[in-house]
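Secondary and tertiary structure notes
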Amino acid sequence: MTPPSSPIPPSALPLKLTEFLDVATLQDIQDSLAMVARVKASILDPAGTPLTQPTVSERFSTRSAAIIAARTRKGDSNLDQPFSAPIIVNDVKLGAIVMEPAKAVPIKSSQVTRLAKKLNLPPDQVRAVLEAMNEEGIGQRTASVQFLYLLANALSRLCSQEMQLRQRIQELTALFNISTMLTGTRGLQQILDRITRGVAEVAHVKACSVRLLSDHRDELVIKSTFGLSDRYLKKGPVTLPPHTSSDPALRGGGERGGSPIDLAALAGHTVYIPDMTTDPRVTYPQQAKHEGIVSSLVVGMLFKDRPIGVLRVYTAEPHVFSEFETKLLESIASQAAVAIENAHLQEESFEKDRLEHQVQIAAEIQRRMMPAKSPKYPGLDIAALYVPCFELGGDFYDFIPLGDHSLGITVADVVGKGLPASLLMASVRAAMRAQADNIYDLDEIISRVNRSMFLDTQANEFITLWYGVIDYQLKQLTYCSAGHEPPILLRNGQIRELAIGGMVIGVDPNQHYDKQVVQLQKDDILFIYTDGIPDAMNYNAEKFGKQRMRESLLKYAAEPAEQICRQMLWETRRFVGLNRRTDDTTIVAIKVT
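This write-up is about the structure you can find in this document. Owing to the predicted nature of the structure, the values given are computational and were not obtained by experimental measurement.

1. Structural notes on helix H13 (residues 561–576)
Helix length check: H13, at 16 residues, gives a terminal C-alpha distance of 23 Å against a target of 22 Å (1.5 Å per residue), a fit within 8%. Among the residues of H13, Ala561, Ile564, Cys565, Gln567, Met568, Leu569, Glu571, Thr572, Phe575 and Val576 are the ones counted as buried. Elements in contact with the buried residues of H13: strand E10 (380–387), strand E19 (525–529), helix H12 (545–555) and strand E20 (585–592). Note on H13: the residue one or two positions beyond its end, Gly577, has a positive phi of about 70°.

2. Digging into the side chain of Asp524
Residue position: Asp524 is located in the loop between strand E18 (516–519) and E19. Given a relative accessible area of 1%, Asp524 falls into the buried group. Polar contacts involving the side chain of Asp524 include one to the main-chain amide nitrogen of Gln521, which spans 2.7 Å. Non-local contacts of Asp524, meaning those with residues more than four positions away in its chain, are made with Leu489, Leu490, Arg491, Gln519, Ile590, Lys591 and Val592.

3. Observations concerning unusual backbone geometry
Non-glycine residue Arg217 carries a positive phi angle of around 60°. Relative to the helices and strands, Arg217 is located in the loop between strand E4 (207–213) and strand E5 (219–226).

4. So, the packing of helix H5 (residues 188–203) against helix H9 (residues 323–369)
Helix-helix packing: each pair is described by the crossing angle between the helix axes and the interaxial distance. Orientation of H5 relative to H9, taken along the N-to-C sense of each, is 170°, at an axis distance of 9 Å. When the axis of H5 is compared with that of H9, the two are roughly antiparallel. Residues Leu188, Ile191, Leu192, Ile195, Val199, Val202 and Ala203 of H5 form the contact with H9, whose participating residues are Leu328, Leu329, Ile332, Ala336, Ala339, Ile340, Ala343, His344 and Glu347. Grouping the constituent residues of the contact of H5 with H9 by class yields 14 nonpolar, 1 polar and 1 charged.

5. Considering the packing of aromatic side chains
Overall, the coordinates contain 7 aromatic pairs when judged by the stated rule. On the numbers, 6.4 Å between centres and 80° between planes, the contact of Tyr232 with Tyr314 is edge-to-face. With a gap of 82 residues between them, Tyr232 in helix H6 (residues 230–233) and Tyr314 in strand E9 (residues 306–314) connect regions that are remote in the sequence. The two residues Tyr232 and Tyr314 agree in class, both being buried. Measuring from ring centre to ring centre gives 4.8 Å for Tyr377 and Tyr472, while their planes differ by 35°; the resulting arrangement is tilted. A residue pair is termed long-range when its members are at least 10 positions apart, and Tyr377 in the loop between H9 and E10 and Tyr472 in the loop between strand E13 (463–471) and strand E14 (476–482) qualify at 95 residues. Residue Tyr377 shares its accessibility class with Tyr472, and that shared class is buried. For Lys235, the ring lying beneath its charged end belongs to Tyr232, and the centroid distance is 4.1 Å.

Each value, and the rule that gives it
Residues numbered from 1 in each chain as written. Predicted model: local features only at pLDDT ≥ 70, side-chain atom pairs only at ≥ 80, totals over all residues. Heavy atoms only, no water. Helix = DSSP H or I, 4+ residues; strand = E, 2+ residues; numbered from the N terminus. Expected span 1.5 Å × (residues − 1). Buried < 20%, exposed > 50% of the residue type's maximum accessible area, 1.4 Å probe, protein only. Contact = heavy atoms within 4.5 Å. Polar contact = N/O pair within 3.5 Å; in protein donor to acceptor, adjacent residues only side chain to side chain. Axes fitted to C-alpha atoms, helices over the stretch in contact; angles between N-to-C directions. Parallel < 35°, antiparallel > 145°, perpendicular 65-115°, else oblique. Nonpolar A, V, L, I, M, F, W, Y, C, P; charged D, E, K, R; others polar. Phe/Tyr/Trp six-rings, centres within 6.5 Å; stacked < 30°, edge-to-face > 60°. Lys NZ or Arg CZ within 6 Å of the ring centre and 35° of its normal.

This is the structure:
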């Protein structure tokens, strides 16, 4: 709803006529009038003091703002008495124009045209009045008064146009300043505070507030105010219908179940409230009365047709907002909505950057948990490779030096990916190291790790793990598998899976695990991996599979352990092509030499 235009408050007007029309311009108009009409004329301020220099030609002023009320009385026969007319702008008297009658004189067309042009009047209208002034008697007096008022009104109109122009420039400058201020502001709260203060100063109102929709979009939460007391701010909530969905502004509601004023504003309708103390739509009229606020204008803040909040302005006196004031506030609200959304996006971006930085730190810590290089032991060629799907992964491998010329090897895969999986992975690694240092019985080690992790995992979380110990002097492998992809023992071109153990870790605290001892031979290859190898998938949704993995292992069996790891990874990448990798990949290859 757009209210009708209203006069600008007198308090906002300058008090001097010369603030609109300078003295030189007034003098020029006065001279032109005296020359054309052959009269004695002068321009006075509201107190009767001349603003122009008295001359024989009696010059008229050009750009006045108000004129003193005419003292001419209808029917007065004193034709020699000076006539005066007030220069009035928006009911404010800024001065007067005074003219003394003169005898009939010839009228020069060129002078009439120049005078009419200065006053922005039709030349024919000026000429007709001047000709009437040359008549004798009452007709001359009537024409003189008519001419005087014609000039006074023309000056009033020029002043009014000048005043409006200055006010528009001032308001547009303020709008530009607010726009510049918003675009240069970073923090959301700083933006909101600048909006309320800037609007109050630009609109010359008592107070301003900004309310934004809550996360559930069922309440308008106060975010920033200017000129309102804490008592008024604590008056109570501004709620919206609880059933409101994505666009609360399009639904109705009662007083407490949804403010009709704010609902209309959120729907894109500017709402004018003449008197907040008596308007039935207002939720808290008594509080408004105590606060000393009367009229209000409520403008919705919408971003791409999606409501995000409302902008309210309040006046201490009854006020009808002009069309320009309304458009100005609507423009500010629109820019504010964009600035608020940009601030939200910027905060989200900062938060994202912060989280990414934390993830990078966590990834660096996780990488440090992996062995920096493969250990070297007599009779063993050991290599390992780890490629996470994301910055953080749930796979891990570890080499644990043990006494009695033994080496512990752990490969595990935590269900899931990213940060949660990486945290669980760190916990499993710590538990394995704690148990492996004290107990040599692998089945007991896995059982203890299982019970420990059961306390730290949820129902949908588990870990597959393979743990083996190689006695590199006896060439003997003891291992236990907890639901992990069975490692491959390649011997003389024959493949054997090492799957003895039990179920995954973290599901059943009472799970029993078995272990197995394998005697290794020269040229044996122990290939331990996670499901990132066989589950690698191409664009046709076809998996790399265990068969291709075994064929590739046989193909590169003669290569050193490091080359086996790299070639196996290359084979899967070549198969997958440009398709995105969906799982972490871990490979450990050990050749018995």
